[in-house]
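# Report on the structure
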Amino acid sequence: MPRRKRLRKVVAPPKFQGYKPYGINGESKESVELLYEEYEAIKLADYDFLNHSEAAKLMGISRPTFARIYESARRKIAKALTEAKEIVTVFGDIELDGSWFLCKDCHAKFTCPTPTEGIGCPMCKSQDVQLIGES
Amino acid sequence: MKTVITSTGNSLESEFDLRFGRAGWFCVYDEANGNYEFVKNMNAEDSNGAGIKVSEKMVELGVGKVISGDFGPKAKDVLDKFNIQMVILQNEGATVDSVLKKIK
Ligand SMILES: [Zn+2]
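Residues numbered from 1 in each chain as written. Chains lettered and ligands numbered in written order. Predicted model: local features only at pLDDT ≥ 70, side-chain atom pairs only at ≥ 80, totals over all residues. Heavy atoms only, no water.

With that settled, the discussion passes to the nonpolar core. Core analysis: the largest hydrophobic core is formed by 25 residues, its most contacted members being Phe110 and Met123 of chain A together with Ile5, Ile67 and Leu89 of chain B. Broken down by secondary-structure element, the contributors of at least two residues to this core are strand E4 (99-103) and strand E6 (129-134) of chain A together with strand E2 (25-30) and helix H3 (96-103) of chain B. Broken down by element, this core gets its largest block of residues, four residues, from H3 of chain B. Ranked by size, the runner-up nonpolar core spans 18 residues in total, among them Val4, Phe26, Val54 and Ala75 of chain B. (Core = buried A, V, L, I, M, F, W, Y, C linked by side-chain atoms within 4.5 Å. Buried < 20%, exposed > 50% of the residue type's maximum accessible area, 1.4 Å probe, protein only. Helix = DSSP H or I, 4+ residues; strand = E, 2+ residues; numbered from the N terminus.)

Residue and element names in this part refer to chain A. Within the secondary structure, Ser62 is located in the loop between helix H2 (52-59) and helix H3 (63-82). Taking the C-alpha atoms as reference, Ser62 lies 9.5 Å from His52; in sequence the two are ten residues apart. A polar side-chain atom of Ser62 sits 2.7 Å from a polar atom in the side chain of Thr65. (Polar contact = N/O pair within 3.5 Å; in protein donor to acceptor, adjacent residues only side chain to side chain.)

Residues and elements named next belong to chain A. With 79% of its residues at a pLDDT of 70 or more, chain A shows a mean pLDDT of 81. Of all the helices and strands in chain A, E6 carries the lowest mean pLDDT, 71, while H3 carries the highest, 94. The model gives residues 1-7 a pLDDT under 50, and that stretch makes 18 contacts with residues more than four places away or in other chains. (pLDDT = per-residue confidence, 0-100. Contact = heavy atoms within 4.5 Å.)

All names here are of chain A. The strand order E1-E3-E2 describes an open sheet built from three strands, whose pairing is mixed. Sheet topology places strand E1 (18-19) and strand E2 (31-35) at the edges, where each strand pairs with a single neighbour. Across five bridges, E2 lies against strand E3 (residues 86-90) in parallel orientation. Of the residues in E3, the one forming a bridge with Val32 is Ile87. Sheet contacts for helix H1 (residues 36-47): E2 and E3; angle to E2, the most-contacted strand, approximately 75°. (Pairing = 2+ DSSP bridges. Axes fitted to C-alpha atoms, helices over the stretch in contact; angles between N-to-C directions.)

Each angle at a metal carrying four tetrahedral donors should ideally be 109.5 degrees, and each at a metal carrying six octahedral donors should ideally be 90 or 180 degrees. All names here are of chain A. Donor atoms from the polypeptide that coordinate the zinc ion comprise Cys103 (SG), Cys106 (SG), Cys121 (SG) and Cys124 (SG), at 2.2 to 2.3 Å from the metal. Between the four donor atoms coordinating the zinc ion, the angles at the centre fall across 104 to 114°, so the site counts as tetrahedral. Taken in sequence order, the residues that donate to the zinc ion follow the motif C-x2-C-x14-C-x2-C. The partly exposed category is assigned to Cys106, whose relative accessible area is 32%. (Donors = N, O, S within 2.8 Å, 3.2 Å for Na, K, Ca; no water. Tetrahedral: all angles 85-135°; square planar, octahedral: opposite > 155°, others 65-115°.)

Time to look at unusual backbone geometry. Residues other than glycine predominantly adopt negative phi, and peptide bonds predominantly adopt the trans conformation. For Phe49 of chain A, which is not glycine, the phi dihedral falls at a positive 55°. Mapped onto the secondary structure, Phe49 of chain A falls in the loop between H1 and H2. Phe49 of chain A sits in the exposed class, given a relative accessible area of 66%. Of note, the phi angle at Asn83 of chain B is positive, near 55°, even though the residue is not glycine. According to the relative accessible area criterion, Asn83 of chain B is buried, its value standing at 14%.

Turning next to the interface of chain B and chain A. In this complex, chain B contributes 17 residues to the contact, which on the side of chain A involves 15 residues. Carbon and sulfur atoms make up 59% of the area that chain B and chain A hide from each other, which totals about 1400 Å². In terms of surface lost to chain A, no three residues of chain B exceed Lys76, Asn83 and Ile88 of chain B, which account for 39% of the buried area on that side. Across the chain B-chain A interface, the total number found is zero salt bridges. Here chain B and chain A share three residue pairs in polar contact (both at pLDDT 80 or more) between them. Put simply, the parts of the chain that give the side of chain B that touches chain A at least two residues each are strand E4 (63-68), helix H2 (73-81), strand E5 (85-88) and H3 of chain B. The dominant element in the side of chain B that touches chain A, judged by the number of residues it contributes, is E5 of chain B, at four residues. Across the side of chain B that touches chain A, the residue classes tally to ten nonpolar, two polar and five charged. The pairing of strand E5 (residues 109-111) of chain A with E5 of chain B spans two bridges and is antiparallel. (Buried area = accessible area lost by both parts, 1.4 Å probe. Salt bridge = Lys/Arg side-chain N within 4 Å of Asp/Glu carboxyl O. Nonpolar A, V, L, I, M, F, W, Y, C, P; charged D, E, K, R; others polar.)

See the structure below:
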């Protein structure tokens, strides 16, 4: 069986599921979907102050790819701030091999070797699952 | 796809086994035709390396998913490598049948 192509490596998943603006008129309608790798790119570059090649290396991707993800992340966050939209974090093309997920409904823990059709609980089919990290 | 549920015995009424490498039996359920069979774990008594041998057995059986109570790091390495999904349940005292019904 061929090994799945290695994609991007996220060092740690975000500690939140999203951000919500407050003090606005009415509910914010649409939301901006921030991918895990975009969150990671922002964290490495603007929080840990790594340069792009260091950050790219850590995520196991090329520098141009890192630059593209980073740019996309900044635009999304700028859009959310300016248009008072919610930010929702979602799985992107991250490396999920070896990671455990927890189903918040039935509490089954599981791995996702082939997360092609989205990540759902293998026992109860719930989509309310959480990445809980490697091993 | 085939799914394995670790079992303490060789019938659907047997208790779900929380151990993987040292499980007594494996209930192999075939999604394609709805059949199941019980395969004895020949490595249950091994003093070491049971996790790896049993993982290799899963590969040999063509299993895509294993439901158990725990997986050691070595077993996990092998199962990860062969894209076999691991599911951990802490349903102590559940019967194999009750686990099987959830995935049917
Ligand atoms: Zn579930």
